[in-house]
Amino acid sequence: MPHSEDLLIKNALQVVTCEPDLFDSQDEGARSLGLIDDGSVLVSGGTVKWVGKTSDLGEKASGISDVIDASGKVVLPGLVDAHTHTVFAGTREREYEMRMRGAAYMEIARAGGGINATVASVREAGIDDLVSSGIKRLASMLRRGTTTVEIKSGYGLETESELKMLRAIRKIGRHSAADVVPTFLGAHEIPPEFKGRRDRYVDIVTEEMIPAVSREGLAEFCDVFCVHGVFTSDEARRILLKGREHGLKPMIHADEFADSGAAGVAADLGAVSAAHLAFASEDGIEAMREAGTVAIVLPGVSVGVGKCTFADARRMIEIGVDVAVATDFNPGSSMVDSLLIVSSLACSFMKMTPAEAILGITKHAARAIDRSDSIGGIGPGMQADLVFFEAPDFRYIPYHFGGDIVDAVMKKGKMVFSKAQGGGANGRISGTETEC
Ligand SMILES: [Zn+2]
């Protein structure tokens, strides 16, 4: 599909705008989605100019020669993965086997597995290897509709290796069709050489790593793994405050294995989002609601580690917290790169409705990474990031879990994946370079 300034997408079976204030739907289950039946979208210069019912197009589209007929398609905003660890070296499938045979975390760690295995591989890896594998992973995510990906460092755990990861993340963003949002996560774990000297490691994160990351402008967010047995809420507060001093916006891994008070820290510091939250306290969630902090739930982790513990997304939604759904794509606990699969898990296991799950991978995910003014919805002035699904209704998207239902993906008004142009799992991807 050649790129041109003006483009008309018309006759879509449904356009899911995620703008309920602009479009009222008669369909009770779709009200929060701003659903338009038989919709059209006008795009100009990579931005949405107009969206509405095809019957209301009138003269708006006259003279536009670049027209995409979206008959039979459900159109969503480009999907946003708000929490990933997409840059890593080595994989841990043997550890997965051990876990499914019943091995405990410490047994796996003693056998050389766990996060320290990935840390060792990343420290050894050259930046070019991290970049080329990262570009491939982003291309795979793009074919599943993901047009914006947040990526964290956190497998270096020493200044030079953390900087190497963040430089790789920047390079991946420059050479991928998807947009990349970089997050510094030097406080992902206490590295083995600092066991028993955790204060010293926190000093290095705050006094050495954060200033260095900020000097090079390598990250937009600072994150901390504030869960039981890793970083405490006091340490998280100290690290996130130092990040904020250096222009890095706070986000947090919160309360994954027990209540560590992390949800409260997120709210206190005005964090844009907090992720995991399986054991977050009622007070912590209430504080997040008051602060407007988005909850990111990660059902792929529960499935990846074979546990039935999920964050209480229903409760969060009921009290008014915006809930995003992300993959947490990582080689240890959640080797899933598809937001479509995790949206199905969010429905089946967390009892989110299809509409809530779709908002979780679009509008609320964009808010979780402070991008809601440009992505996560289809409205005038928003970036023309669109996903075209072969589906009879938006509910079909989480319902057909794991299905190959993405027909095409558009980024900033340009087709970057089209099944019709030789697509499928090995489809041609335009706008994605494989060399850098
Ligand atoms: Zn994570």
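As the structure is a prediction and not an experimental result, all values here were calculated from the model.

## Some points on the coordination of the zinc ion
The zinc ion binds to the protein through His-83 (NE2), His-85 (NE2), His-253 (NE2) and Asp-328 (OD), with metal-donor distances spanning 2.1 to 2.5 Å. Around the zinc ion, the four donor atoms are arranged such that angles at the metal cover 83 to 172 degrees; this shape is classified as irregular. On the primary sequence, the residues serving as donors to the zinc ion are separated as H-x1-H-x167-H-x74-D. You can see His-83 sitting in the loop between strand 6 (79-81) and helix 1 (93-100) and its partner Asp-328 sitting in the loop between strand 13 (323-325) and helix 12 (339-350), a full 245 residues away along the chain. Asp-328 carries the same exposure label as His-83, and that label is buried.

## Concerning the pattern of salt bridges
Under the criterion given, the structure shown has 32 salt bridges. Taking the shortest distance from any N to any O, the salt bridge between Glu-356 and Arg-314 comes out at 2.8 Å. In this pair, Glu-356 is assigned in helix 13 (residues 354-360) and Arg-314 in helix 11 (residues 313-319), connecting sequence segments 42 residues apart. By relative accessible area, Glu-356 is classed as buried at 17%. The class of Arg-314 is partly exposed, set by a relative accessible area of 23%.

## Topic: the pairing of strand 1 (residues 6-16)
In this sheet, strand 2 (residues 35-44) lies alongside strand 1 in antiparallel orientation, the contact comprising eight bridges. Looking across to strand 2, one finds that Asp-6 is bridged to Ser-44. Note that strand 1 and strand 4 (residues 67-69) share three bridges and pair parallel. Bridging across to strand 4, Ile-9 finds its partner in Ile-68. Two strands pair when backbone bridges link them, and strand 1 and strand 5 (residues 73-77) are joined in this way by two bridges, in the parallel orientation.

Conventions adopted
- Residues numbered from 1 in each chain as written.
- Predicted model: local features only at pLDDT ≥ 70, side-chain atom pairs only at ≥ 80, totals over all residues.
- Heavy atoms only, no water.
- Donors = N, O, S within 2.8 Å, 3.2 Å for Na, K, Ca; no water.
- Tetrahedral: all angles 85-135°; square planar, octahedral: opposite > 155°, others 65-115°.
- Helix = DSSP H or I, 4+ residues; strand = E, 2+ residues; numbered from the N terminus.
- Buried < 20%, exposed > 50% of the residue type's maximum accessible area, 1.4 Å probe, protein only.
- Salt bridge = Lys/Arg side-chain N within 4 Å of Asp/Glu carboxyl O.
- Pairing = 2+ DSSP bridges.

What is shown is where atoms sit, not what they do.
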